Amino acid sequence: MSADTPDRLEERVRDGMVRQLRQNPARCRRVILDEKMDLKTREPWTQLYNNTSQLLNQILKDRQMRDWENRLREIEEYEKNRSKPKSLNPI
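Model, not experiment: these values are computed from the prediction.

Student: Describe the pattern of salt bridges, listing the residues and the values that go with them.
Tutor: Within this structure, the stated rule accounts for 7 salt bridges. Between arginine 66 and glutamate 10 there is a salt bridge, with its nearest N and O atoms 3.1 Å apart. With arginine 66 in helix H2 (residues 39-83) and glutamate 10 in helix H1 (residues 6-32), this residue pair connects regions lying 56 residues apart in the sequence. Residue arginine 66 is classed as partly exposed on the basis of its relative accessible area of 35%. Note that glutamate 79 and arginine 82 form a salt bridge whose closest N and O atoms lie 3.8 Å from each other. Pair noted here: glutamate 79 and arginine 82 are both in helix H2, with a separation of 3 residues, about one helical turn.

Below you can see the structure in the form of C-alpha cells.
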C-alpha cells in the first residue's frame with residue numbers, strides 16, 4: 001500500500017463527498033414530487049435539495065479551479081524549462 005500525499009488524500013475525501021452529494025438530490029426529488037405528502041412535509045426536503053445542489057456546485061467549481069491552477073503551473077514550468085539555455089557539455 002502506497003502512502004497518500006495530503007493532496008491525494010484530500011482528493012479522495014472530496015470524491016467521496018461528491019458521490020454522496022450526487023445521490024442526495026435524487027432522494028430529495030422523490031419526496032418533493034410525492035403528491036401524497038403535504039406541502040409542509042415537502043418544504044424542508046426542497047430546502048435540502050437546494051442546499052445540496054449549491055454545495056455540490058461549489059465543490060465542483062473548486063475542483064475545476066484547482067485543476068486549472070495545476071495545469072497553469074505545469075505550462076509555466078514547461079515554458080520556464082524550455083526557455084533555459086542548454087548547457088554545453090564537453091564530450
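There is more to say after this.
Student: Describe the layout of surface pockets, listing the residues and the values that go with them.
Tutor: Considered as a void within the structure, the largest pocket measures approximately 210 Å³ in volume. Together, Asp7, Glu11, Arg14, Arg63, Arg66, Asp67 and Asn70 line the largest pocket. For the lining of the largest pocket, the secondary structure elements donating two or more residues are H1 and H2. Ranked by residue count, the leading element in the lining of the largest pocket is H2, at 4 residues.

Student: Please give an account of the packing of H1 against H2 that cites residues and values.
Tutor: Two elements in contact, H1 and H2, have axes separated by 9 Å at closest approach and are oriented at 150°. Classified by the angle their axes make, H1 and H2 are roughly antiparallel. Remark: the crossing between H1 and H2 carries left-handed chirality. Broken down by class, the residue content of the contact of H1 with H2 amounts to 14 nonpolar, 3 polar and 10 charged.

Student: Describe H2, naming the residues involved and giving the relevant values.
Tutor: Look at H2: 65 Å from first C-alpha to last across 45 residues, which is about the 66 Å you get at 1.5 Å a residue. For H2, the set of buried residues is Arg42, Thr52, Leu56 and Ile59. Packed against the buried residues of H2 are H1.

Student: Please provide a residue-by-residue account of the side chain of asparagine 24, values included.
Tutor: Inspection of the secondary structure assignment puts asparagine 24 in helix H1. Of note is the side chain of asparagine 24, whose polar atom sits 2.9 Å from the side chain of threonine 52.

Student: Provide a residue-level description of H1, including the pertinent values.
Tutor: In this model H1 runs 39 Å from its N-terminal to its C-terminal C-alpha over 27 residues, within 8% of the 39 Å that 1.5 Å per residue would give. Contacts from the buried residues of H1 go to H2.

Cut-offs and rules
Residues numbered from 1 in each chain as written. Predicted model: local features only at pLDDT ≥ 70, side-chain atom pairs only at ≥ 80, totals over all residues. Heavy atoms only, no water. Salt bridge = Lys/Arg side-chain N within 4 Å of Asp/Glu carboxyl O. Helix = DSSP H or I, 4+ residues; strand = E, 2+ residues; numbered from the N terminus. Buried < 20%, exposed > 50% of the residue type's maximum accessible area, 1.4 Å probe, protein only. 1 Å grid on protein atoms, 1.4 Å probe; cavity = no way out; pocket = protein on both sides within 12 Å on 5 of 7 lines; lining within 4 Å. Points joined across faces, edges and corners; volume = space filled by probe spheres on them. Axes fitted to C-alpha atoms, helices over the stretch in contact; angles between N-to-C directions. Parallel < 35°, antiparallel > 145°, perpendicular 65-115°, else oblique. Left-handed = near helix turned anticlockwise from the far one by under 90°. Nonpolar A, V, L, I, M, F, W, Y, C, P; charged D, E, K, R; others polar. Expected span 1.5 Å × (residues − 1). Contact = heavy atoms within 4.5 Å. Polar contact = N/O pair within 3.5 Å; in protein donor to acceptor, adjacent residues only side chain to side chain.

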